[in-house]
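# Examination of the molecular architecture
Residue-level listing of the chains:
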Amino acid sequence: MHLLYPAVLAALLFCVGVYGVLARRNAVLLLMSVELMLNAVNLNLIAFDAWLRDALHAGQALTLFAITVAAAEIGLGLAIVLLVFRTRGTADVDRITALGDRAAEVPAQPTEPAADPAPKGQAVS
Amino acid sequence: MTGFLLAAAGPLDAAPRGFLSPTGVEIVFVLVGLAVLGAAVVSVTTRQLVHAALWLVVALGGLAVEFLLLTAEFVAWVQVLIYLGSVVVLVLFGLMLTRAPIGRSPDADSKNRWVALGVALAAAATLVTLVVDAFRTSWIDLGAGGGSTAVTGASLFRHWVLPFEALSVLLLAALVGAIVISRTGSGKAKPRPGKLTTRQER
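Residues numbered from 1 in each chain as written. Chains lettered and ligands numbered in written order. Predicted model: local features only at pLDDT ≥ 70, side-chain atom pairs only at ≥ 80, totals over all residues. Heavy atoms only, no water.

### Comments concerning the packing of aromatic side chains
Following the criterion strictly, the structure yields 5 aromatic pairs over all chains and no others. Judged by centre distance (5.7 Å) and plane angle (80°), the ring pair of Phe48 of chain A and Trp51 of chain A falls under edge-to-face. In this pair, Phe48 of chain A and Trp51 of chain A both sit in helix α2 (residues 27–52), 3 residues apart, roughly one turn of the helix. Given the relative accessible area of 21%, Phe48 of chain A is considered partly exposed. When its relative accessible area of 11% is taken as the criterion, Trp51 of chain A is described as buried. Ring centres of Phe48 of chain A and Phe135 of chain B lie 5.1 Å apart, and the angle between their planes is 75°; on these two criteria the pair is classed as edge-to-face. Remark: Phe135 of chain B occurs in the loop between α5 (113–134) and α6 (149–159) and Phe48 of chain A occurs in helix α2; the pair is interchain, linking two chains. Sitting above the plane of the Trp114 of chain B ring, Arg113 of chain B keeps its charged end 5.4 Å from the centroid. (Phe/Tyr/Trp six-rings, centres within 6.5 Å; stacked < 30°, edge-to-face > 60°. Helix = DSSP H or I, 4+ residues; strand = E, 2+ residues; numbered from the N terminus. Buried < 20%, exposed > 50% of the residue type's maximum accessible area, 1.4 Å probe, protein only. Lys NZ or Arg CZ within 6 Å of the ring centre and 35° of its normal.)

### Some points on the UniProt feature "transmembrane region" (unreviewed entry) in chain A
Feature annotation in UniProt places "transmembrane region" (unreviewed entry) on residues 61–85 of chain A, given in this structure's numbering. Within residues 61–85 of chain A, the helical portion is 100% and the strand portion 0%, while the C-alpha atoms at the span's ends are 36 Å from each other. (UniProt positions renumbered as here; feature names shortened; annotations may be inferred.)

### Structural notes on the interface of chain A and chain B
Contacts between the two partners involve 75 residues from chain A, matched on the other side by 94 residues from chain B. Between chain A and chain B, a total of about 7,800 Å² is buried, with carbon and sulfur atoms accounting for 75% of that surface. The three residues of chain A that bury the most area against chain B are Met1, His2 and Tyr19 of chain A, which together make up 11% of that side's buried surface. Linking chain A to chain B there are 0 salt bridges. Counting across the interface, chain A meets chain B through 13 residue pairs in polar contact (both at pLDDT 80 or more). Mapped onto the side of chain A that touches chain B, the elements with two or more residues apiece are α1 (4–23), α2 and α3 (58–88) of chain A. (Contact = heavy atoms within 4.5 Å. Buried area = accessible area lost by both parts, 1.4 Å probe. Salt bridge = Lys/Arg side-chain N within 4 Å of Asp/Glu carboxyl O. Polar contact = N/O pair within 3.5 Å; in protein donor to acceptor, adjacent residues only side chain to side chain.)

### Points about helix α2 (residues 24–45) of chain B
Its 22 residues place the ends of α2 of chain B 32 Å apart at the C-alpha level, agreeing with the 32 Å of an ideal helix rising 1.5 Å per residue. When α2 of chain B is considered as a whole, its buried residues turn out to be Glu26, Phe29, Val32, Gly33, Val36, Leu37, Ala39, Ala40, Ser43 and Val44 of chain B. The arc enclosing the buried residues of α2 of chain B, seen along the axis, measures out at 165°, which places them on a common side. Facing away from the buried side of α2 of chain B by more than 90 degrees, the exposed set consists of Leu31 and Leu34 of chain B. Of the surrounding elements, those touching the buried residues of α2 of chain B are α1 and α2 of chain A together with α3 (49–69) of chain B. (Expected span 1.5 Å × (residues − 1). Arc of directions from axis to C-beta.)

Quick look at the structure:
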């Protein structure tokens, strides 16, 4: 089998995952796109393991490790998404902006120290 | 000796095989690959959230078939067990617990989807050009037993034992971390910022 077929398929699958990560709003769908990208990498590892045939079988061993790490990642990621949903009431990554800098709040002169004693942090809306 | 070295380096050489006479394995690989790619594209573009998870099942199952075609049988069944068995179920539970709407949700895609499409197309063009240029003449020699379970198990437990054990500790840590993150406090209802009102405020 030509090495080109699995390599091109893995590249295209990775780019589909990139599109999903950038374009989705729901955090769970974003995690699904990350899984697609990880699977593209797994396909690359398997194909190059079959091509190189090294004595350690590093490709297949690393694929198994990557699958395990991906399982741990999605478990932790979904736990974090559920926690965010419980505290914020939404799972949209566009609306979770408590740590972001709003353009109106950025001081015009950065040299002047902010004299606002109000506690910063979570924006209660 | 030189002949042995040349024979050992055989699959690394440029192969005089063309793309116009594909073997049966290649035809099956391309067909399953098209199915995987289509399912992945539908999975990242559909507006029905549960359907996206179910199309992800199709994509990951097709990838398991691709692993089988690349003679990585153990990895293929691990893929079926872990991805199709547990990850997709976790994703479905996540969709359910975050109250994903059944049916079409108009705000599934964010506003910068055209920028995302441009980035993805540019990355795809770059990667495919690079890969085609680099591996145009490479040939995988899919011999029997190259990636069988016996070979994988022997190398895994002979050369990769320490990473394997470290990975089991990592899984345990991730499990404990997920439980710690997702448990709900100590019974006291704290006032929470956000749009959800707590039970006491109601």
